[in-house]
Amino acid sequence: MDERAELLDLLRENARYSTADLARMTDTSEQAVEEAIAALESDGTIAGYQAVVDPAKRDPEPVQAHVECNVTLDRETSYDDIADRLAGFPEVESLRLVSGDYDFAMEVEADSMGEVSRFVSEKVAPVPEITQTVTHYIMDTYKQAGHRFGDGEADDRLAYSP
């Protein structure tokens, strides 16, 4: 593994590692780590830093949904054009072009199920190229961005088999 990949893996594990910690873990100098991070930020490889928050611990807990979007393209419109429009909405937490039964996978967050429903019906569905949406409300989050959530207690129910 090259130094760049190793540094990225460490930052994904914990973006709050100090440059001294990163230098020690990669067996390089602090200056080399600072320069590498600056280069990764400059070329857009590192687009930002973010805390991973357990949604169940937020007060009030937000409503999250996974929205599948099918599209039909015309000669003037590309996937990038549709993505630019959808990504501009503040309710959209993530947006990905995917293979399979639908074209876009969108993660949406709002204060209520009604807000999510209104967002999809009033802002997403009217986009002319979008032909179908399917909304799946997220009931619980067990793992996100490599971090597991939960109380860590083992299931103490007794196993049953007939």
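Residues numbered from 1 in each chain as written. Predicted model: local features only at pLDDT ≥ 70, side-chain atom pairs only at ≥ 80, totals over all residues. Heavy atoms only, no water.

Caption draft 1: Region of interest: the sheet that holds strand E1 (residues 63–71). Across the sheet, 4 strands lie side by side as E2-E3-E1-E4; this open sheet has antiparallel pairing. Looking at strand neighbours, the two that pair on one side only are strand E2 (92–97) and strand E4 (130–137), the edges of this open sheet. Pairwise comparison of adjacent strand axes, ignoring direction, gives a mean angle of 20° for this sheet. When E2 meets strand E3 (residues 104–110), the two strands line up antiparallel, connected through 5 bridges. Paired with Ser-94 across the strands is Glu-107, a residue of E3. The strands touched by helix H4 (residues 79–87) are E1, E2, E3 and E4; relative to E2, the strand with the most contacts, the crossing angle is about 170°. The sheet strands contacting helix H5 (residues 113–124) are E1, E2, E3 and E4, and the helix crosses E4 at an angle near 170°. (Pairing = 2+ DSSP bridges. Helix = DSSP H or I, 4+ residues; strand = E, 2+ residues; numbered from the N terminus. Axes fitted to C-alpha atoms, helices over the stretch in contact; angles between N-to-C directions. Contact = heavy atoms within 4.5 Å.)

Caption draft 2: Representation of the environment of Glu-68. Positionally, Glu-68 belongs in strand E1. Residue Glu-68 is classed as buried on the basis of its relative accessible area of 19%. Considered as a pair, Glu-68 and Ala-105 are 37 residues apart in the sequence and their alpha carbons are 5.0 Å apart. Discounting chain neighbours no more than four positions away, the residues touching Glu-68 are Tyr-102, Phe-104, Gln-132, Thr-133, Val-134 and His-136. One polar contact links Glu-68 to His-136, side chain to side chain, over a distance of 2.9 Å. (Buried < 20%, exposed > 50% of the residue type's maximum accessible area, 1.4 Å probe, protein only. Polar contact = N/O pair within 3.5 Å; in protein donor to acceptor, adjacent residues only side chain to side chain.)

None of the figures reported here should be taken as evidence of function without further support.
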